[in-house]
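# Summary of structural features
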Amino acid sequence: MDENGNSNIAPKNMWNLPLSVFFKDARLVFKMDSLGKEILGIAFPSALAVAADPIASLIDTAFIGHLGPVELAAAGVSIALFNQASRITIFPLVSITTSFVAEENTIEKINTTAMEKQLTENIKAKSNEVMLDDHALRDIEKGATKENGETPTESLAANGDTNELMAKVLVAENVEKDDANTNICNKSASKTRRKKRHIASASTALLFGSILGLLQAATLILAAKPLLGAMGLKQGSPMLLPAVKYLRLRSLGAPAVLLSLAMQGIFRGFKDTTTPLYVIVSGYALNVALDPILIFHFKLGIRGAAISHVLSQYIMALALLLILMRKVDLLPPSIKDLQIFRFLKNGGLLLARVVAVTFCVTLAASLAARLGSIPMAAFQTCLQVWLTSSLLADGLAVAVQAILACSFAEKDYDKVTATATRTLQMSFVLGVGLSVIVGVGLYFGAGIFSKSVLVVHLIRIGIPFVAATQPINSLAFVFDGVNYGASDFAYSAYSLVMVSLASVTSLFLLYKSKGFVGIWIALTIYMSLRMFAGVWRMGTATGPWRFLRGRSLS
């Protein structure tokens, strides 16, 4: 106590305060230690895999563009509709699959290691007991010979202990056999580690992927015309017929798309993002190679583009399935082993979250469209750059989700804290770098997107918002991975719904008063609130982060 009666006892470590955890070991953000290598080893291939799809779609679009403006516009509307439907089903499935597989795989490893350790200890104990019996027998032999000049057998037989002697002799002779058994058990344990793993969440993910894929395909095929009508292609539009053909053909690949992404979630749970990357790149390379052959050589036109995409998706799904079957026993022992209700509960929460996110961005685009074609053209350009730059942050989000899910299962809270803070610090640095690249690139490259002086002018007005929000966006996306890795799906869903309600209100108010600039101010508020929701959960040490509060009190 000081002279005023106040305690002068300072905390042992300032980093124990929950909010300050975000700055813990910030000097290590660029250090390539084991943790840094693990994060980047997962994040980099994941980011490349995520980027492969839009790049392939861009090349598809370039080929279709040679067919004419009607076909290009028709394919554009169909792709937008297909992607929107896929996003609603894919995002919850992949997110929960990654967390559940990582958690279950870690628990299985812990149990297997504990069993092997217990087996080894039992064998060692038995071997030590045998060795003690052998030494005792030798002592008896030496003592008997020394005292009576008799052999141990004769001495013990004289005392009526022949049976005891025979037991000792047999035990001694089995010492070498027990050593051999130890080696056999060690080899057996090694084989057990190489044995196929049974991961119930992996089987469940594939089941849901198949069902959702079939439902999506059936819905888009049967309701193609009304859905395209809702997208603006009314009866009599020259784009309607080619759009229907393209959408129905491409929808045949929906089961393969959902299965592929479910399997990517499984591989991510194993912290393996390299295997899916090789398969995805190979699949999309095939897609690009088939495009000119089917579109122009076989003269299938827009249908050829759809067929090449579907074929590549099924080949990717088959390749991933064959690789996965070598690692995991995909058939569960019984239906009871499937985690159906757990998937439905958490998937439902994330579905609400996806709808909330999608509604905000869609509303912003709708309000921009009401301003006219020029503001809409500028807004769409800025929005695509804004969203595309998030792909790298998605890679970090996948990495932190997989590592945290494993660490929480192991109750390794030191690694949980270190991984979360290191990845968030990396995401901030990434965001700052993207801010500079996007700002400079969009300022000088705005003319690439439009020849209209008015559109280019509005793009440059939007640059400060697009560029300045990159660090905020990166942190918001990585906080999603942090929440999923902690299996904090309920908070992630409810907080995003609240954020969306506030953001929708700000969108309407700022749109009316500020127009184009107001929409971007509202989107900045939206992403800032998303980031704040993540900071609040971890910084206040609530939910799965209570252990931080416990440490601050210790």
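The preceding data block contains the structure.
Summarised in this report is the structure supplied together with it. (Residues numbered from 1 in each chain as written. Predicted model: local features only at pLDDT ≥ 70, side-chain atom pairs only at ≥ 80, totals over all residues. Heavy atoms only, no water.)

## Side note on the overall build of the protein chain
Secondary structure assignment for the protein chain yields 20 helices and zero strands. Considering the protein chain as a whole, with its 554 residues, one finds that 47% of them fall into the buried category. Counted over contacts in the protein chain with a minimum sequence separation of 6, partners at least 24 positions apart contribute 84%. (Helix = DSSP H or I, 4+ residues; strand = E, 2+ residues; numbered from the N terminus. Buried < 20%, exposed > 50% of the residue type's maximum accessible area, 1.4 Å probe, protein only. Contact = heavy atoms within 4.5 Å.)

## Describing the nonpolar core
One broad rule of soluble globular proteins: the nonpolar side chains tend to lie buried together. Ranked by size, the top nonpolar core spans 60 residues in total, and within it Leu228, Ile266 and Leu324 carry the most contacts. Counting residues per element, this core draws most heavily on helix H2 (residues 69-148), which supplies 12 residues. Not counting residues within four places of it along the chain, the set of residues in contact with Leu324 comprises Leu206, Met263, Ile266, Phe267, Phe270 and Leu330. With 40 residues, the next largest nonpolar core counts Leu363, Ala446, Leu523 and Tyr526 among its residues. (Core = buried A, V, L, I, M, F, W, Y, C linked by side-chain atoms within 4.5 Å.)

## Comments concerning the packing of aromatic side chains
By the definition in use, this model includes 15 aromatic pairs. Note on Phe379 and Trp520: the rings are 5.4 Å apart at their centroids and 45 degrees apart in plane angle, and the pair reads as tilted. A residue pair is termed long-range when its members are at least 10 positions apart, and Phe379 in helix H13 (residues 373-388) and Trp520 in helix H19 (residues 516-539) qualify at 141 residues. Summarising the burial analysis for this pair, Phe379 and Trp520 share the class buried. (Phe/Tyr/Trp six-rings, centres within 6.5 Å; stacked < 30°, edge-to-face > 60°.)

## Remarks on the packing of helix H10 (residues 274-297) against helix H11 (residues 302-325)
Contact pair H10 / H11: the axes reach a minimum separation of 8 Å and the direction vectors enclose 155 degrees. By the criterion of interaxial angle, the relationship of H10 to H11 is roughly antiparallel. Considering how the two elements wind past one another, H10 and H11 form a crossing that is right-handed. For the contact of H10 with H11, the residue count by class is 16 nonpolar, eight polar and one charged. (Axes fitted to C-alpha atoms, helices over the stretch in contact; angles between N-to-C directions. Parallel < 35°, antiparallel > 145°, perpendicular 65-115°, else oblique. Left-handed = near helix turned anticlockwise from the far one by under 90°. Nonpolar A, V, L, I, M, F, W, Y, C, P; charged D, E, K, R; others polar.)

## Concerning a nonpolar patch on the surface
A surface patch of nonpolar side chains, about 370 Å² in accessible area, is lined by Phe30, Phe428, Val429 and Val432. With respect to the element layout, Phe428 can be found in helix H15 (residues 413-449). Here Phe428 falls in the partly exposed class, since its relative accessible area comes to 43%. (Patch = residues over 30% accessible without salt bridge, like charges linked within 9 Å, V, L, I, M, F, W, Y side chains within 5 Å. Areas by Shrake-Rupley, 256 points an atom, 1.4 Å probe, with all protein chains shown as cover. Salt bridge = Lys/Arg side-chain N within 4 Å of Asp/Glu carboxyl O.)

## A short note on the side chain of Asn287
By the element assignment, Asn287 lies in helix H10. What makes Asn287 buried here is its relative accessible area of 0%. At 3.1 Å, the side chain of Asn287 forms a polar contact with the side chain of Ser308. Ignoring any residue separated from it by four or fewer positions in sequence, one finds Asn287 in contact with Ala56, Asp60, Ser308, His309 and Ser312. (Polar contact = N/O pair within 3.5 Å; in protein donor to acceptor, adjacent residues only side chain to side chain.)

## A few points about helix H12 (residues 340-370)
The terminal C-alpha atoms of H12 lie 43 Å apart, and with 31 residues this matches the ideal 45 Å at 1.5 Å per residue to within 8%. Following H12 by one or two positions, Gly372 adopts a phi angle in the positive range, close to 125 degrees. (Expected span 1.5 Å × (residues − 1).)

## A few points about the environment of Ala369
Looking at the element boundaries, Ala369 is found in helix H12. Separated by 10 residues in sequence, Ala369 and Phe379 have C-alpha atoms that sit 8.7 Å apart.

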